[in-house]
2 protein chains.
Amino acid sequence: MYTIGEVSKLFDLPVSTLRYYDKEGLFPGMRRESGIRKFSEKEIDALRVIECLKKSGLEIRDIKQFMKWCVEGSSTYPERLELFRRQKQSVEEELNRLHRVLAMLRFKCWYYEQAIQDGNEERLRVLTPEEMPEDIRSAYEQSHPALDAGTR
Amino acid sequence: MYTIGEVSKLFDLPVSTLRYYDKEGLFPGMRRESGIRKFSEKEIDALRVIECLKKSGLEIRDIKQFMKWCVEGSSTYPERLELFRRQKQSVEEELNRLHRVLAMLRFKCWYYEQAIQDGNEERLRVLTPEEMPEDIRSAYEQSHPALDAGTR
DNA sequence: GTAATACCTAAACCTGACTTTAGGTCAAGA
DNA sequence: TCTTGACCTAAAGTCAGGTTTAGGTATTAC
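Residues numbered from 1 in each chain as written. Chains lettered and ligands numbered in written order. Predicted model: local features only at pLDDT ≥ 70, side-chain atom pairs only at ≥ 80, totals over all residues. Heavy atoms only, no water.

What about the interface of chain B and chain A?
Move 1: Taken together, the contact between chain B and chain A spans 45 residues of the former and 46 residues of the latter.
Move 2: A combined buried area of about 4200 Å² lies between chain B and chain A, and 75% of that area is made up of carbon and sulfur atoms.
Move 3: The three residues of chain B that bury the most area against chain A are Arg48(B), Tyr77(B) and Tyr112(B), which together make up 16% of that side's buried surface.
Move 4: Joining chain B to chain A, the criterion identifies two salt bridges.
Move 5: For Arg85(A), the salt bridge is made with Glu113(B), and the minimal N-O distance between the two is 2.9 Å.
Move 6: In this structure, the connection of chain B to chain A is made through six residue pairs in polar contact (both at pLDDT 80 or more). (Contact = heavy atoms within 4.5 Å. Buried area = accessible area lost by both parts, 1.4 Å probe. Salt bridge = Lys/Arg side-chain N within 4 Å of Asp/Glu carboxyl O. Polar contact = N/O pair within 3.5 Å; in protein donor to acceptor, adjacent residues only side chain to side chain.)

Some remarks on the pattern of salt bridges
Move 1: In this structure the tally under the stated criterion is 22 salt bridges over all chains.
Move 2: Residues Glu41(B) and Arg48(B) are paired through a salt bridge, measuring 3.9 Å at the closest nitrogen-oxygen approach.
Move 3: According to the relative accessible area criterion, Arg48(B) is buried, its value standing at 7%.
Move 4: In this structure, a network of salt bridges that share partners links the residues Asp22(A), Arg32(A) and Arg37(A). (Buried < 20%, exposed > 50% of the residue type's maximum accessible area, 1.4 Å probe, protein only.)

A short note on the relation of the copies chain B and chain A
Move 1: When chain B is brought onto chain A, the operation consists of a screw motion whose angular component is 180° and whose axial shift is 0.0 Å, with 0.1 Å RMSD remaining. Taken together, the rotation and translation relating the two chain copies correspond to the operation of a two-fold axis. Closest to the rotation axis within chain B is the C-alpha of Leu95(B), separated from it by 3.4 Å.
Move 2: Interface overlap between copies is the fraction of interface residues in one copy that are interface residues in the other; for chain B against chain A it reaches 100%, indicating a shared surface. (Least-squares fit on C-alpha atoms with pLDDT ≥ 70 in both.)

As for the environment of Gln114(B)
Residue and element names in this part refer to chain B.
Move 1: Structurally, the position occupied by Gln114 is in helix 5 (residues 77-118).
Move 2: A C-alpha to C-alpha distance of 7.8 Å links Gln114 and Leu124, two positions 10 residues apart in sequence.
Move 3: Leave out the neighbours within four places in its chain, and Gln114 touches Arg123 and Leu124. (Helix = DSSP H or I, 4+ residues; strand = E, 2+ residues; numbered from the N terminus.)

In structure tokens, the structure reads:
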């Protein structure tokens, strides 16, 4: 059993955030002793899942729903599975987006390295993909088609 | 030259968002004809970079700074390179985080598939990593060490 | 002529996820 | 005794990134 201050240190989260999570219903059935919150292994586990689901982009109200399902027992396994599948897909999509963003950033880094060497962008302005180093061309092509399709 | 409505369709962004970007200084030097915004190739390019930098997690005020540097010319190449390098690193870190989140979600999906088959979590509760299928164990281990280190 | 559209501004409003403030209880240490 | 520190609540404040509203102009469509 941990106090809120101990959990705060354990997870490196402000006490105010833990109280906020509690107020939002993220620890259903958490015990108290004369008004003071007692975090058991159950709440610690919950917090681990909360951190994961938050990083996956889930909102507090949906995490609350998940916690409710956990309380309801085995009848909600399908809903919980569905939730994790949806989040898995959404993180996969986010990873794809970020890979494309990274390719664009790689290209931009190369671009400004060249610009600094040249002292201007004259040469770069007329550059075609064929004239770029291979890795840069691939970064460029990875990051540009989606944009060009909509705007050219 | 495009009107705001045309650009809105091109980029699938609300007109209000484009006006907001303009108000925030993301299109320095954009021309107007009798009060009406004229988006030239320059602003279209800017918008492409804005979308990329936004996806990389940069804030509007930093994007504004970047646009200012672009206006200032070749003397700011180093600043712009620095910016893209920072964003590149920050996206790489975000990708790592998301890979760990994805491993956790993969594990959770497997967990609830098992729970549904078993009808309960009895078996799962006492499961050790060694008893998991190999791909699940690796997902589990990818996603858990960081948490365990802090909380056990 | 009038109604629908596309544009404009300034300013108020919204949302999510916290954080801060103001005020209070209770136990331990100097 | 008194003050420090850890806990508590309710309510207000903050921040980013927009969106909505209210009011206005100019052009085109019927």
